[in-house]
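# An overview of the molecular structure
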Amino acid sequence: YIVDATIVPGTGQKNLAVTASYTLVDNGVNSTTGLYGIANGVNNSGFQNGEAVGWSTEYSNNIPTTGGFTYSGGQTPTTTTLFYPGAIGTLLTGVNNLGQIVGTYDLGQVVDGNSQVTSTNGLYARSRDAKPKPLNYSGATYTYLNGINDAGWIIGDYTNDNVTFHCVLFKPDAKGAYSDAIPFDAPGATSTGCPGINGLGQILANGMVDDAEGGDPAAPANFSPVPDNDFEFLGINNNGQMISDSDVLLNGSELVYIQQESNVAGDYWFYGLNDDAQMVGMLEEPNVGDNGGPGVGLILNVLPTQP
């Protein structure tokens, strides 16, 4: 039975607060920053010891440079930018409670300010300070790694044409190495995207939840529909709450529109959430000020009560 290391899954739905607070996370002048993944939370008492990851694009002479971005909470938050050697762009997309990180990096060249990508590759790092290693689905031109849980399960997508996608699940062996990959699609689908995984082995796939802990991730019996599939849900926590990029939280069977519940001004998108329903994403705020870019990373705290 897979459970994130320091998390006890809720026994019922959590009630969301009406008001919320938020933290802006920027990684330098003249940059655009977004957060894609968040650890489920060390103690479920707020983002004090947690970690989030994303990307930051900086511009110099109209030439973009994108690096992976890590953010550690607490009284003295720190940021670190990670550039995969030889890559023209590096994005970090997932982190677990053990500090293990996954992401992607692009190979190619930048011509007249435009990136010409020849391949996209997955990366894995044991910590924010460890040297990242490539992790790809064999034979694929593009591999995107989207999330990792505390059991070390990594979920991602792969494709050869950037049109037809398939999911891939990497599981570590007894030594922690990733040697075998499990490709799969949602039942009846010719193209499947898998943006998120939680500590229970539940995977988001084409508007469904794939209970991969129950066995083969491709088995139709492991799939169940999301209660409301009008939105694209990108993150799922251990309580089964899901967040969409269009700022809608699915709390049980209830849809919570974050724009109405929070005091955040501006346009924003969310990509991940932890067990306290703290969400990470990107904010385009009208009065961002001196950051020099169109967006900054966002951590939104709705601080629900425990069940």
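Everything below is about the structure shown above.
Here goes a summary of the coordinates provided.

What counts, and where the lines are drawn
Residues numbered from 1 in each chain as written. Predicted model: local features only at pLDDT ≥ 70, side-chain atom pairs only at ≥ 80, totals over all residues. Heavy atoms only, no water. Helix = DSSP H or I, 4+ residues; strand = E, 2+ residues; numbered from the N terminus. Buried < 20%, exposed > 50% of the residue type's maximum accessible area, 1.4 Å probe, protein only. Contact = heavy atoms within 4.5 Å. Areas by Shrake-Rupley, 256 points an atom, 1.4 Å probe, with all protein chains shown as cover. Pairing = 2+ DSSP bridges. Axes fitted to C-alpha atoms, helices over the stretch in contact; angles between N-to-C directions. Disulfide = S-S within 2.5 Å.

## Re the overall build of the chain
The helix and strand inventory of the chain stands at one helix and 24 strands. Taken over 307 residues, the chain has a buried fraction of 51%. Taking as baseline every contact in the chain between residues at least 6 positions apart, the subset at least 24 positions apart corresponds to 49%. On the chain, roughly 13,200 Å² of surface is accessible, and the fraction owed to carbon and sulfur atoms is 48%.

## A closer look at unusual backbone geometry
A positive phi angle is found at Asn162, which is not glycine, with a value near 60 degrees. Look at Asn162 and you get partly exposed, because its relative accessible area is 34%. Positive phi, close to 50 degrees, is recorded for Asp247, a residue that is not glycine. Of note, Asp247 is situated in the loop between β19 (242-244) and β20 (248-251). A residue is classified by how much of its surface remains accessible, and Asp247, at 14% relative accessible area, is buried.

## Section: the sheet that holds strand β23 (residues 279-284)
Reading across the sheet, the four strands line up as β1-β24-β23-β22 and stay open at both edges, with antiparallel pairing between neighbours. Of all strands in the sheet, those bounded by a partner on one side alone are β1 (21-25) and β22 (267-273). Each strand axis lies, on average, 30 degrees off the axis of its neighbour in the sheet, ignoring direction. Relative to β23, β22 is paired through six bridges, and the arrangement is antiparallel. From the neighbouring strand, Trp269 faces β23, where its bridge partner is Met282.

## Some remarks on the state of the cysteines
Throughout the structure, instances matching the rule amount to one disulfide. Two residues share a disulfide in this structure: Cys167 and Cys194, whose sulfurs sit 2.0 Å from each other. Sign of the S-S torsion, about 100 degrees for the bond between Cys167 and Cys194, identifies this disulfide as right-handed. You can see Cys167 sitting in strand β12 (residues 166-170) and its partner Cys194 sitting in the loop between β13 (181-184) and β14 (196-197), a full 27 residues away along the chain. Here Cys167 matches Cys194 in class, with each residue buried.

## Thoughts on the sheet that holds strand β15 (residues 202-205)
The strand order across the open sheet formed by four strands is β14-β15-β16-β17, and the pairing between neighbours is antiparallel. Edge positions in the sheet fall to β14 and β17 (223-225), since each has one partner strand and no second. Pairing analysis gives three bridges linking strand β16 (residues 208-211) to β17, with the strands arranged antiparallel. Residue pairing for β17: Val209 is matched across the bridge by Ser224.

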